[in-house]
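Residue-level structural notes
The primary structure of each chain is shown beneath.
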Amino acid sequence: MQLVVGKIGRAHGIRGDVSVEVRTDEPELRLGPGAVVLTDPASAGPLTVESGRVHSGRLLLRFAGVKDRNAAEALRGTLLISEVDPEERPDDPEEYYDHQLIGLDVVLLDGTLVGELTEVVHLPYQDLLTVEKADGTEVLVPFVTQIVPTIDLENQRAVITPPPGLIDLEQAEVAGTSSVERADGSAEGSAEAPADGSAEGSEESQ
């Protein structure tokens, strides 16, 4: 199985380094020195990772044969793809590859169907789950334990406990009005979803 593990961004410096948008929870494995990755477009690769480092929160990679800024800039926008055994699982039992999550039914604790999980969005601070609702609209659900307490691969579903307004905007409006009405010094405000960085999604659209 081929999974997208990264996307090449801007060139960095003059020696061929490129910034990479990481789309895997295992960059040290998929994008470490010596790793060979396929590319989209295919004509750009395959590429062999020569070295890597983190600079200002970004992963910088240098590929064999890419020696200057012009060559690095020519790779901009290229997707990096790894060959992965479809039966392979992350070492951490609470981590998941993207292909395991995409297509899951997303339900509330009481079993109410919210929609289908269609994409895992990997951001520097946390992962987000894109959920397509029955009416065709999409919502982004932070992939943290407080909001997504259960991933049930056997039954092909993800159980979520969304804060008010995350799924239904009308609930957010009601919560907001209630908070304002109590703005007498004892207002509690609406609860915010914790963003504790405990994202469990393994990228891999990898």
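Values in this document were obtained by computation on a predicted structure and should not be read as measured data.

**Points about the side chain of Asp-152**
Secondary-structure assignment places Asp-152 in strand S12 (residues 150–152). For Asp-152, the side chain forms a polar contact with the main-chain nitrogen of Glu-154, separated by 3.3 Å.

**Looking at the confidence of the model for the chain**
With 76% of its residues at a pLDDT of 70 or more, the chain has an overall mean of 80. Here residues 172–206 is a poorly scored stretch, pLDDT under 50, and it has 76 contacts once near neighbours within four places are set aside; other chains count.

**Looking at the pairing of strand S13 (residues 157–160)**
Sheet analysis places strand S8 (residues 105–108) next to S13, joined by 4 bridges and oriented parallel. Each residue of the ladder has a partner; that of Asp-105, found in S13, is Arg-157. Summarising the sheet, S12 and S13 pair through 3 bridges and their orientation is antiparallel. By the bridge assignment for S13, Thr-150 is matched with Val-159. Counted along the chain from S12 to the antiparallel partner S13, the turn is 4 residues long, and its residue Gln-156 has a positive phi close to 55°.

**Details of the sheet that holds S13**
Taken together, 6 strands build an open sheet; the order of strands is S11-S10-S9-S8-S13-S12 and the sheet is mixed. At either end of the open sheet lies a strand with only one pairing partner, and these are strand S11 (138–142) and S12. Between one strand axis and the next, the sheet turns through 35° on average, direction left out of account.

**Re the nonpolar core**
Counting residues in each nonpolar core, the largest one holds 19 residues, and the members touching the most others are Leu-101, Leu-129, Val-141, Val-148 and Ile-151. Only strand S9 (113–122), strand S10 (127–133), S11 and S13 provide two or more residues apiece to this core. Tallying contributions element by element places S9 first for this core, with 3 residues. Val-20, Ala-35, Leu-47 and Ala-72 belong to the second largest nonpolar core, which has 17 residues in total.

Rules of the game
Residues numbered from 1 in each chain as written. Predicted model: local features only at pLDDT ≥ 70, side-chain atom pairs only at ≥ 80, totals over all residues. Heavy atoms only, no water. Helix = DSSP H or I, 4+ residues; strand = E, 2+ residues; numbered from the N terminus. Polar contact = N/O pair within 3.5 Å; in protein donor to acceptor, adjacent residues only side chain to side chain. pLDDT = per-residue confidence, 0-100. Contact = heavy atoms within 4.5 Å. Pairing = 2+ DSSP bridges. Axes fitted to C-alpha atoms, helices over the stretch in contact; angles between N-to-C directions. Core = buried A, V, L, I, M, F, W, Y, C linked by side-chain atoms within 4.5 Å. Buried < 20%, exposed > 50% of the residue type's maximum accessible area, 1.4 Å probe, protein only.

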